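What the coordinates show
What follows is the residue order along each chain.
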Amino acid sequence: MILLLATFASLMLSTALILAGHGLSSTLIPLKADLAGFGDLQIGLISSSFYIGFVIGCLFGPFLILRAGHIRAFAALVSLMSGAALLHPILVDPLAWALFRIITGVCFAGIVLVVESWLNDRATNENRGTVMSLYIICYLGATMGGQLMIVGFDVSTFVPFAIASIFVSVAVVPVVLTKAVQPAPITLVRFRPINLYQTSAVALIGCLLIGLANSSMWALAPLYAKQIGYSTNEAAYFAAAIVLGGAITQWPIGRLSDRVDRRIIILLLGFGAAAAALVLFTLESGNFWTTFTVFLILGMASQPTYAIVAAHAFDYVEAEDYVETSSGVLMSNGIGSMIGPTVAAGLMFSIGPEGLFIWVALVEVALALFVVSRLVIRPADEDLEKTDFEYGATSNMGAVLTPDPLDIEDPYVIPPEEFPAYEQDEGMASEEVGDLPNRNDEDENPPTTDETQDNSRFPSG
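The following paragraphs examine the structure supplied in this document.

Basis of the calculations
Residues numbered from 1 in each chain as written. Predicted model: local features only at pLDDT ≥ 70, side-chain atom pairs only at ≥ 80, totals over all residues. Heavy atoms only, no water. 1 Å grid on protein atoms, 1.4 Å probe; cavity = no way out; pocket = protein on both sides within 12 Å on 5 of 7 lines; lining within 4 Å. Points joined across faces, edges and corners; volume = space filled by probe spheres on them. Helix = DSSP H or I, 4+ residues; strand = E, 2+ residues; numbered from the N terminus. Nonpolar A, V, L, I, M, F, W, Y, C, P; charged D, E, K, R; others polar. Contact = heavy atoms within 4.5 Å. Buried < 20%, exposed > 50% of the residue type's maximum accessible area, 1.4 Å probe, protein only. Core = buried A, V, L, I, M, F, W, Y, C linked by side-chain atoms within 4.5 Å. Phe/Tyr/Trp six-rings, centres within 6.5 Å; stacked < 30°, edge-to-face > 60°.

A look at empty space enclosed by the protein
Taken as a whole and judged by the stated rule, the model has seven cavities of 30 Å³ or more. Around the second largest cavity sit Gly21, His22, Ser25, Ile29, Met81, Ala85, His88, Arg101, Thr104, Ala164 and Val168, which together line it. Looking at the lining of the second largest cavity, the elements that each hand over two or more residues are α2 (9-35), α4 (70-90), α5 (94-122) and α7 (159-170). The element best represented in the lining of the second largest cavity is α2, accounting for four residues. When grouped by side-chain class, the residues that make up the lining of the second largest cavity number five nonpolar, five polar and one charged.

Encoded structure:
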């Protein structure tokens, strides 16, 4: 285990630093926007802007990596993300902040793609599950740590933005100084929503609804807490409670879903999350621990749903289609996430802070009812051979990863024809660049099928 950790230490360290800065800024921005006098709808639009950028980054990030290579793309994206964090206190304007969040979302998606494809390249079939579990633990822990860093800061000052920028900026150091060879180029995978719907309607619609609800909670929970009378520090604890709740229940609920129809688990989680949201709607402020507990329960019910939906989709596809399925559920979730915070903020503006949880409850009930309809239309298949629930493969943090090589003969997998960022330097020994073929030698020594697959394992987000 120690040797395994050492192998991925630089990537994990960079990931933790970026996520700490991201967690801090994501909690800070709605609180600072409220303090600056932005309206609820403006704050919702700013929150949605991050997910707009994230979807754009998922679509176009692979092309940047193909052009510049993993290391240079990573350095450029980290620098841009760091600069965007610093711009918020310099130009305090809703439209400007929406643009900054779009930029941040684009950078974040590209960074995640670089890190996850690199981890996948370095991992083996024997340790990939362990590596991904460690990565997701790092992801959740660093995000919660970043959210809690706001405790003790004065959000009216420049300092917390500077701290977030510093964490992101420093994250570039372990990667650019690594001696490890960067991975082979990324292979692009198409997003086919109609095909995904035909394969698993619950996967497409479920992830869309999950994006509507979860993005609203992540973005606006601190604002809700602040508006009903809690302090900035308490608001940060509530935001972290949602992430903590998901971290606690995702694995045991996932394993439980291996034993029953996963749609039953999704249905129960939907109704459970709706019930917790309605409790928050009716709960009066004043008792911190009661509110914290309800937030924790809400996270326990709402956060594992994406993983169960993804696992359900994998049950109905062949191994060679895992990559496209992962990309499909991630994109569907991203589209929902673009819409959710704006609608939730509109309800907060119309009926008060509690409107956030009216929205969450409505979406979660809609998810549960849709699953009920699918149970009627498509009864459980008793002979279905399920894939075992895998923490890494079904998490929305690790959705760009695949445990299997891509089939480049598949018409919906697009292997890039030229990789300018990955050309072998003249005179470089072949062993220093791994198994990456030289484009100049491709005509004389075409790669075998197995070699081609090994260099085309990486999907877009």
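Let's talk about the environment of proline 89
Relative to the elements of secondary structure, proline 89 occurs in helix α4. Residues proline 89 and alanine 162 lie 73 residues apart in sequence; the distance between their C-alpha atoms is 9.3 Å. In this structure, proline 89 is in contact with Phe158 and Phe161, ignoring residues within four places of it in sequence.

A closer look at the environment of glycine 21
Here glycine 21 shows up in helix α2. According to the relative accessible area criterion, glycine 21 is buried, its value standing at 2%. The contact partners of glycine 21, leaving out residues within four places of it in the chain, are Ala164, Phe167 and Val168.

Here's the deal with the nonpolar core
Phe74, Leu220, Tyr224, Phe295 and Phe357 are the most contacted members of the largest nonpolar core, which has 117 residues in total. In this view, tyrosine 224 contacts Leu280, Phe295, Met348, Pro353, Glu354, Leu356 and Phe357; residues no more than four positions away in its chain are not counted.

Quick look at the packing of aromatic side chains
Inspection of the entire model under this criterion finds 16 aromatic pairs. An angle of 65 degrees between the planes, with centres 6.2 Å apart, marks the rings of tryptophan 97 and phenylalanine 161 as edge-to-face. Taken as a pair, tryptophan 97 in helix α5 and phenylalanine 161 in helix α7 lie far apart in primary sequence, 64 residues in all. With a centroid separation of 6.1 Å and 80 degrees between ring planes, the pair formed by tyrosine 237 and phenylalanine 288 is classed as edge-to-face. You can see tyrosine 237 sitting in helix α11 (residues 232-257) and its partner phenylalanine 288 sitting in helix α13 (residues 288-302), a full 51 residues away along the chain. Under the relative-accessibility criterion, tyrosine 237 is labelled partly exposed at 32%.

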